[in-house]
Amino acid sequence: MKKAIYCYNIDDVDQHILETITAAMEIELGLLDDGMLKMTVDEILRQQPSSNQDCTHFTLSFMLMNELSDEEMKQLLKAGEEAHWHFDPIKMFVTEHNRQWTLETLFCEVRKEHQLFAKAEKLAEVLRRANQLDLKSFSDEQAESMNIAMMKGYMLLKSGQFEEAQLDQTLNELTSLMGE
């Protein structure tokens, strides 16, 4: 299988930077647009898509990578940073599991996962701030509620098994107790 990167919603400047980097690394670069959203990932891999014309269905940018090693991905991202690109896509790899998905399904699933983990990161940040609070300034009841909410948040994150509603509830509880 070929080493390739496919980008959705990339501007001309960052596209040029990425073309230079991928050419030097002997990685094929393909551009995706809304006209390809009903195609399967496998169909995309068999073509050499080269249009970034209409990317209005999703406001986010995506980068789909095929057959790149972790080292190649790190090299690519480092070269992009050194070239001062602004392209900050949601990154994903082609897998046996997602090969038969449409591009639209893949983007939707990855976007949901990205949003879920962004909320988990937000909860982790709120927990760091809550952990620095002096609970002696709280009433006994408030301090106990804060300790329970913090433990709930830590346990939720540690489990790695969470849903958006659980994260939202825990975030709301903590920020409310913190007066935010």
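Before reading on, note that the structure itself is shown above.
Worth saying up front: this structure is predicted, and the values here are computed from it rather than measured.

Asker: Residues and numbers for the overall build of the chain, please.
Answerer: Broken down by element type, the chain carries six helices and four strands. Secondary structure elements of the chain occur, N-terminal to C-terminal, as β-α-β-α-β-α-β-α-α-α. Taking 2.2 N^0.38 as the reference for a compact globule, 180 residues should give roughly 16 Å; the C-alpha atoms of the chain span a radius of gyration of 21 Å, well beyond that estimate. The C-alpha extent of the chain, read off along each of the three principal axes, is 65 × 35 × 30 Å. Counting the 180 residues in the chain, one finds 44% classified as buried. Considering only intrachain contacts with a sequence separation of at least 6, the fraction spanning at least 24 residues in the chain is 69%. When the accessible surface of the chain is totalled, it reaches about 10,800 Å², and 48% of it is carbon and sulfur. Taking the 17 positively charged and 33 negatively charged side chains of the chain as two groups, their mean positions are separated by 4 Å.

Asker: Outline helix α5 (residues 140–159), listing residues and values.
Answerer: Counted at 1.5 Å a residue, the expected span for α5 with its 20 residues is 28 Å, and the 28 Å between its end C-alpha atoms agrees. Every buried residue of α5 is accounted for by Ala143, Met146, Ala149, Met150, Gly153 and Leu156. Seen from one end, α5 has its buried residues packed into an arc of 155°, which puts them on one side. Along α5, the residues that are exposed and aim more than 90 degrees away from the buried face are Asp140, Glu141, Glu144, Met155 and Lys158. Those residues of α5 that are buried are in contact with α4 (103–131) and α6 (164–178). Looking at the residues trailing α5, positive phi occurs at Gly160, about 70°.

Asker: Account for a nonpolar patch on the surface, with residues named and values stated.
Answerer: A contiguous nonpolar surface patch, about 320 Å² in accessible area, is contributed by Met151, Tyr154 and Met155. Position of Met151 relative to the elements: it lies in helix α5. Accessibility expressed as a relative area gives 48% for Met151, which makes it partly exposed.

Asker: I'd like to hear about the nonpolar core, residue by residue, with values.
Answerer: Counting 21 residues, the largest nonpolar core has Leu32, Leu64, Leu103 and Phe107 as its most contacted members. The set of elements that each furnish at least two residues to this core consists of β1 (4–8), α2 (41–46), β3 (62–66), β4 (90–93) and α4. At four residues, the largest contribution of residues to this core is made by α4. Here Leu32 is in contact with Tyr6, Cys7, Tyr8, Asn9, Ile44, Pro49, Ser51, Asn52, Cys55, Leu103 and Phe107, once residues within four sequence places are set aside. Membership of the second largest hydrophobic core comes to 18 residues, among which are Leu135, Phe138, Ala149 and Leu171.

Thresholds applied
- Residues numbered from 1 in each chain as written.
- Predicted model: local features only at pLDDT ≥ 70, side-chain atom pairs only at ≥ 80, totals over all residues.
- Heavy atoms only, no water.
- Helix = DSSP H or I, 4+ residues; strand = E, 2+ residues; numbered from the N terminus.
- Rg over C-alpha atoms; globule rule 2.2 N^0.38 Å.
- Buried < 20%, exposed > 50% of the residue type's maximum accessible area, 1.4 Å probe, protein only.
- Contact = heavy atoms within 4.5 Å.
- Areas by Shrake-Rupley, 256 points an atom, 1.4 Å probe, with all protein chains shown as cover.
- Lys, Arg positive; Asp, Glu negative; His and termini not counted.
- Charge placed at Lys NZ, Arg CZ, Asp CG, Glu CD.
- Expected span 1.5 Å × (residues − 1).
- Arc of directions from axis to C-beta.
- Patch = residues over 30% accessible without salt bridge, like charges linked within 9 Å, V, L, I, M, F, W, Y side chains within 5 Å.
- Salt bridge = Lys/Arg side-chain N within 4 Å of Asp/Glu carboxyl O.
- Core = buried A, V, L, I, M, F, W, Y, C linked by side-chain atoms within 4.5 Å.

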